[in-house]
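# Structural characterization, general
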Amino acid sequence: MAAAPQLETAAKVSRPHDLEFGEEAEPGLSWCPFKLLRGFPHQHVKKESEKVAMWFRANIFTSRKWDLYCISDLNGEKESILMVPTAQFERMIADANKQLNLDLKIPTDSKDGALVNVFDGPILPRFVRRIDNQTGLSNAIELSKLIQPGDIAKGSFSKDEVIAYGEKIELIYDHLSRHNSKADKKEARRRKAIVRQKGWGQQLKRAQRYLGMRHKTIFGFDEQPHIFTANETQSVLFQCLHTPFPMECMVRLISFDVEAAEFSSTTITEIGLAILDTQRILDSDPMKTSFADWGEFIETHHLRITEHKDIVNKTYVKGCPDDFLFGTSEFVGMKDVHGRLSELIRGDENFVLVGHDVGSDVKYFESLGIRLRDLAGYRDEIDTKDILRSAQRCNDARSLEFLCRELSVSPSSHFHNAGNDAVYTMQCLLKMVQRKSAGEKISNSERDGWEPEGDPRDWSDGNEDDGGLPLVLRRLKN
């Protein structure tokens, strides 16, 4: 069995590479395929791979130069492979270990043999160029195509030497093929996660637009101008006296919550609604209106299903259907609940759904025969659970009670009463809009040194993004 490739000595790390384009490297050095090097965190790091991957992405070209060489299939049927001296990769690993306080090592065992490769000759890697940025890498890829397989393999080599070289690079091609497949899938998942994470923050920005607290840019979600048609709302923007920007579309913000029996999720016991019609605040300043004063603009409803009025959850959550704090509960029979909800929602007028986990409550409404997203006035939805995730850059879902504590919403008690929860959700949204518009941290955890997850650029485009198109228009585009 061949001995495992040895890593470079410290002396060789600083050896200057001053070769001309196409010139052969010296024999006996070890090399790493540059593409496999970049995939090192996900392929060879078991613990804290995301942390290492973030560091790699941020530091691959930071104060760092790479000497790129290429090797090629002698038959000229495959693209050249860009390689770097293992010594340079060792230096990057040493930097990562120092900054991240880890003990990463470059594997040299046979199963990872494609990561570290020694070429003793007579066929050797040939110099392409030195790079320190992505543009240089792209240029090197094009330059490597100018080094023809015949140039690499010129000379008279024995059959055994050609076979040995062919087997070595075939192993590298095989590893690259598997890496590409895994990397493509992982990158697709990462990009999907970024779109989802940015979408969470965009919801709050659109809420600001509906309340006249953010400017709608000329560009839409995909950075292309969007022309509103007549049936999308004839008067898109409405200027009011005290908001810094026009209110968009004059919508009714409808916060809603549904409670169901804990051992029979199809048995709905309560429905709560808190409705803010933006026409009612045309003469008010959302930033100067005290938090307590919002109540006069919010229409509240707590519907209890008559047939299920004696069902009270006790095992997993503490139900409190008798403790509606924002008005008088209304008992409605199952046969009348569809009509009563239709009266309150007024589905032919522009409305935006607001909830804490909107999707689950939408499904409850569908079980009652009301498809909220299909109503003529449906325009958008805003989920306070997702907005908090974005604010804290954390994928964990938090409860409404946690959010109320984060925002110091007071008073807040008797949770899991559908009417109360609908009101709390609306209050949380309004408070987050106020904080965002004032340039403040949205949650108290942010103020107290919350440790966020991931790269900030994976969570928000900052002020370059106005929140994008409302959901109804995104669906029309798709």
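The structure displayed is predicted, hence computed values, not measured ones.

Thresholds, definitions, all that
Residues numbered from 1 in each chain as written. Predicted model: local features only at pLDDT ≥ 70, side-chain atom pairs only at ≥ 80, totals over all residues. Heavy atoms only, no water. Axes fitted to C-alpha atoms, helices over the stretch in contact; angles between N-to-C directions. Helix = DSSP H or I, 4+ residues; strand = E, 2+ residues; numbered from the N terminus. Parallel < 35°, antiparallel > 145°, perpendicular 65-115°, else oblique. Left-handed = near helix turned anticlockwise from the far one by under 90°. Contact = heavy atoms within 4.5 Å. Nonpolar A, V, L, I, M, F, W, Y, C, P; charged D, E, K, R; others polar. Salt bridge = Lys/Arg side-chain N within 4 Å of Asp/Glu carboxyl O. Buried < 20%, exposed > 50% of the residue type's maximum accessible area, 1.4 Å probe, protein only. Pairing = 2+ DSSP bridges. pLDDT = per-residue confidence, 0-100.

### What about the packing of helix H4 (residues 49-59) against helix H5 (residues 86-100)?
Two elements in contact, H4 and H5, have axes separated by 11 Å at closest approach and are oriented at 120 degrees. For the element pair H4 / H5, the angle class is oblique. The interaxial crossing formed by H4 with H5 has right-handed handedness. Taking contact as the criterion, the partners of Lys51, Val52, Trp55, Phe56 and Asn59 in H4 are, on H5, Phe89, Met92, Ile93, Asp95, Ala96, Gln99 and Leu100. Looking at side-chain class alone, the contact of H4 with H5 contains eight nonpolar, two polar and two charged residues.

### A look at the pattern of salt bridges
A full pass over the atoms with the stated rule returns 19 salt bridges. We note a salt bridge from glutamate 330 to arginine 340, for which the minimum N-O separation is 2.9 Å. You can see glutamate 330 sitting in strand S11 (residues 330-332) and its partner arginine 340 sitting in helix H9 (residues 334-345), a full 10 residues away along the chain. The exposure class of glutamate 330 is partly exposed, given its relative accessible area of 27%. Judged by relative accessible area, arginine 340 falls into the partly exposed class, the value being 22%. Residues joined in a network through salt bridges with shared partners are Arg209, Glu248 and Asp466.

### Re the pairing of strand S12 (residues 351-355)
Here S12 lies mainly inside the structure; five of its five residues are buried. The alternating pattern of S12 places Phe351, Leu353 and Gly355 and Val352 and Val354 on opposite faces, both of which are buried. Of the pairings in the sheet, the one linking strand S8 (residues 252-261) to S12 comprises four bridges and is parallel in character. Residue pairing for S12: arginine 252 is matched across the bridge by phenylalanine 351. In this sheet, strand S13 (residues 378-383) lies alongside S12 in parallel orientation, the contact comprising five bridges. Opposite valine 352, over in S13, you have aspartate 380 as the bridge partner.

### Remarks on the pairing of strand S3 (residues 81-85)
Burial within S3 is extensive, with five of its five residues counted as buried. Every second residue of S3 is oriented toward a common face, with Ile81, Met83 and Pro85 on one face and Leu82 and Val84 on the other, all of them buried. By the bridge criterion, three bridges tie strand S1 (residues 30-33) to S3 in an arrangement that is antiparallel. The residue bridging proline 33 from the neighbouring strand is methionine 83, located in S3. Summarising the sheet, strand S2 (residues 66-71) and S3 pair through three bridges and their orientation is antiparallel. When the sheet's bridge partners are listed, isoleucine 71 is paired in S3 with isoleucine 81.

### Quick word on the confidence of the model for the chain
With 83% of its residues at a pLDDT of 70 or more, the chain has an overall mean of 82. Contacts of residues 1-16 to residues separated by more than four positions or lying in other chains number 22 contacts, the stretch itself having pLDDT below 50. Within the model, pLDDT remains below 50 along residues 218-236, and this stretch shows 29 contacts once partners closer than five positions in the same chain are excluded.

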